[in-house]
Amino acid sequence: MKNEYSHIRRDYSKSELNESNVNDNPFLQFKDWFDLAIDSNFTDPNAMTLATSSFDGKPSARIVLLKEFNENGFVFFTNYLSKKGMNLNENPFACLLFFWDKLERQIRIEGEVFKISIEDSKEYFDSRPRESRVGAWASKQSHKSNGREEIETRFSNYNSKFGEDVPLPDSWGGYILKPTYFEFWQGRTSRLHDRITYNFENENWKIGRLYP
Ligand SMILES: Cc1cc2nc3c(=O)[nH]c(=O)nc-3n(C[C@H](O)[C@H](O)[C@H](O)COP(=O)(O)O)c2cc1C
């Protein structure tokens, strides 16, 4: 098979990352890079790939938006009965991935995922625009549909059912991924990229480096 894409490549030389200039705390290191991604006015700087897998080890990945992070973990919102929700029921271990191409940076975060409290889900749900809240009722996320019309009919039915006050559906809410591993990747020349890792061991974050 002829490969039409083999010429696509670039060199990476914007920055470097080493054991002496990373923060001891991976959450602060994340904040440092995330703040720069936000300040750089990228489209969806908080978009991250969430990789999950089923009980029998079949992987699945999709983009979700990071809505909050703190020293407890990384929070996103979704439908608990979606494919990712089903995967997380079966296997709570997951991975998050950020890629900011203009900064030549990638961050991997691995850990265990938990549902956040209904109160916290409700607080965020109530802050969303009304049509997004109605959409959460209308969408049987990841389930087979009989066509666009069926989906729009469900939306308009819920739209007329609720007034301004749209309640939180049982099937909708937040998850928090509590990390045990981080990897910060900075592109370098000659493909000798920097990969600085943090492993949570004996209640401490231990810094290491991987070959590129
Ligand atoms: C930029 C972007 C942001 C998204 N944000 C979310 C999100 O925050 N929550 C969500 O459930 N789906 C989000 N989606 C849709 C998901 O990628 C996915 O299609 C959906 O959640 C169903 O995934 P699943 O079938 O694997 O559960 C987003 C998609 C894109 C492209």
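Everything here concerns the structure above.
Below or above, wherever it landed, is the structure these notes cover. (Residues numbered from 1 in each chain as written. Predicted model: local features only at pLDDT ≥ 70, side-chain atom pairs only at ≥ 80, totals over all residues. Heavy atoms only, no water.)

Here we come to the site of the ligand. Around the ligand, a shell composed of D44, R62, I63, V64, L65, F77, T78, S82, K83, K84, Q141 and S142 is seen. At a separation of 3.1 Å, an oxygen atom of the ligand approaches a polar backbone atom of L65. The fraction of the free accessible surface of the ligand (620 Å²) that becomes covered by protein chains is 63%. Those elements giving two or more residues to the shell around the ligand turn out to be β2 (59-65), β4 (73-79) and α2 (83-90). In terms of residue count, β2 provides more of the shell around the ligand than any other element does, four residues in total. (Near = heavy atom within 4 Å. Polar contact = N/O pair within 3.5 Å; in protein donor to acceptor, adjacent residues only side chain to side chain. Areas by Shrake-Rupley, 256 points an atom, 1.4 Å probe, with all protein chains shown as cover. Helix = DSSP H or I, 4+ residues; strand = E, 2+ residues; numbered from the N terminus.)

Attention now moves to the side chain of R130. Here R130 lies in helix α4 (residues 130-138). Contacts of R130, omitting those with residues within four sequence positions, involve N159, F162, G163, E164 and V166. (Contact = heavy atoms within 4.5 Å.)

Here we come to the environment of G111. Its location among the elements puts G111 in strand β6 (residues 105-115). For G111, the contacting residues outside a window of four places in its chain are P92, F93, A94, L177, K178, P179 and T180.

With 30 residues, the main nonpolar core has F30, W100 and I109 as its most contacted residues. Of all elements in the fold, only α1 (26-39), β1 (47-53), β4, β5 (93-100), β6, β7 (172-186) and β8 (194-201) reach the threshold of two or more residues within this core. A per-element tally of this core places α1 first, with five residues. With residues near it in sequence (within four places) discarded, F30 still touches L66, F69, F74, F98, W100, I107, I109 and F184. Of all hydrophobic cores here, the second largest spans 13 residues; its members include F77, Y158, F162 and I176. (Core = buried A, V, L, I, M, F, W, Y, C linked by side-chain atoms within 4.5 Å. Buried < 20%, exposed > 50% of the residue type's maximum accessible area, 1.4 Å probe, protein only.)

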